[in-house]
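# Summary of the model geometry
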Amino acid sequence: MKHATPLRRTLTALTTTTLLAGGLLLGRTVTAEPAHATGEKIICNVPEMRQEAADLRSKAAQFQRLGATAEARKARARADALDRQVRNCIDAEDNAPKPWK
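If you're wondering where the values come from, they're calculated on a predicted model, not measured in any experiment.

Parameters at a glance
Residues numbered from 1 in each chain as written. Predicted model: local features only at pLDDT ≥ 70, side-chain atom pairs only at ≥ 80, totals over all residues. Heavy atoms only, no water. Core = buried A, V, L, I, M, F, W, Y, C linked by side-chain atoms within 4.5 Å. Buried < 20%, exposed > 50% of the residue type's maximum accessible area, 1.4 Å probe, protein only. Helix = DSSP H or I, 4+ residues; strand = E, 2+ residues; numbered from the N terminus. Contact = heavy atoms within 4.5 Å. Disulfide = S-S within 2.5 Å. Axes fitted to C-alpha atoms, helices over the stretch in contact; angles between N-to-C directions. Parallel < 35°, antiparallel > 145°, perpendicular 65-115°, else oblique. Left-handed = near helix turned anticlockwise from the far one by under 90°. Nonpolar A, V, L, I, M, F, W, Y, C, P; charged D, E, K, R; others polar. Salt bridge = Lys/Arg side-chain N within 4 Å of Asp/Glu carboxyl O.

### A look at the nonpolar core
- Core analysis: the biggest nonpolar cluster contains 7 residues, these being Val46, Met49, Ala53, Leu56, Ala79, Leu82 and Val86.
- Broken down by element, this core gets its largest block of residues, 4 residues, from helix H2 (residues 46-66).
- Dropping the residues within four chain positions of it, Leu56 is found in contact with Ala75, Arg78, Ala79 and Leu82.

### Regarding the state of the cysteines
- In the structure shown here, the tally under the stated rule is 1 disulfide.
- Shown here is the disulfide that connects Cys44 with Cys89, its sulfur atoms set 1.9 Å apart. When the S-S torsion is -55°, as for the bridge of Cys44 with Cys89, the disulfide is left-handed. Of this pair, Cys44 sits in the loop between helix H1 (6-27) and H2 while Cys89 sits in helix H3 (residues 69-95), and the two are 45 residues apart along the sequence.

### Here's the deal with the packing of H2 against H3
- Remark: H2 packs on H3, axes separated minimally by 8 Å, with the N-to-C direction vectors making an angle of 160°. By the angle between their directions, the pair H2 and H3 is classed as roughly antiparallel. The element H2 and its partner H3 pack so that their crossing is left-handed.
- When grouped by side-chain class, the residues that make up the contact of H2 with H3 number 12 nonpolar, 3 polar and 8 charged.

### With respect to the pattern of salt bridges
- All told, the structure shown has 2 salt bridges when counted by the stated rule.
- Arg57 is paired through a salt bridge with Asp80; the nearest N and O atoms lie 2.8 Å apart. Taken together, the residues Arg57 in helix H2 and Asp80 in helix H3 connect sequence positions 23 residues apart.
- Given the relative accessible area of 33%, Arg57 is considered partly exposed.
- Given the relative accessible area of 32%, Asp80 is considered partly exposed.
- Ionic pairing is found between Arg57 and Asp83, a salt bridge with its closest N-O pair at 2.4 Å. Note that Arg57 is positioned in helix H2 and Asp83 in helix H3, a separation of 26 residues in sequence.

Rendered as C-alpha cells:
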C-alpha cells in the first residue's frame, strides 16, 4: 500500500478545513422569522393536504410493487410530513385565541 503524498495530504487538509469553515458559516446564518411572528396568516387547506398525502401513499405502494424501495420510502416520508402538517394546522386552529365578541 502506498503512503499518501504530501500534495494529497495538503489537499485533504485544505478540503476538510474548507468544509468545516463553510459548515460553521452556514450554521451561523440568520434564519427567517416564523410566519406567526411576522403577523402573516398561515392558510391550511386540510382536505387538499390529506388528498395529497393519500396520493403519495398510493404512489409509494406502486413504487414498492415495482421494487423501487428508496423512492417508496421518500414518498412515504413526504406523506408522513404532510400528515404532521395537517395535525399541526388542526391543533393551531383549535388552540388559537378566540376573537372578542
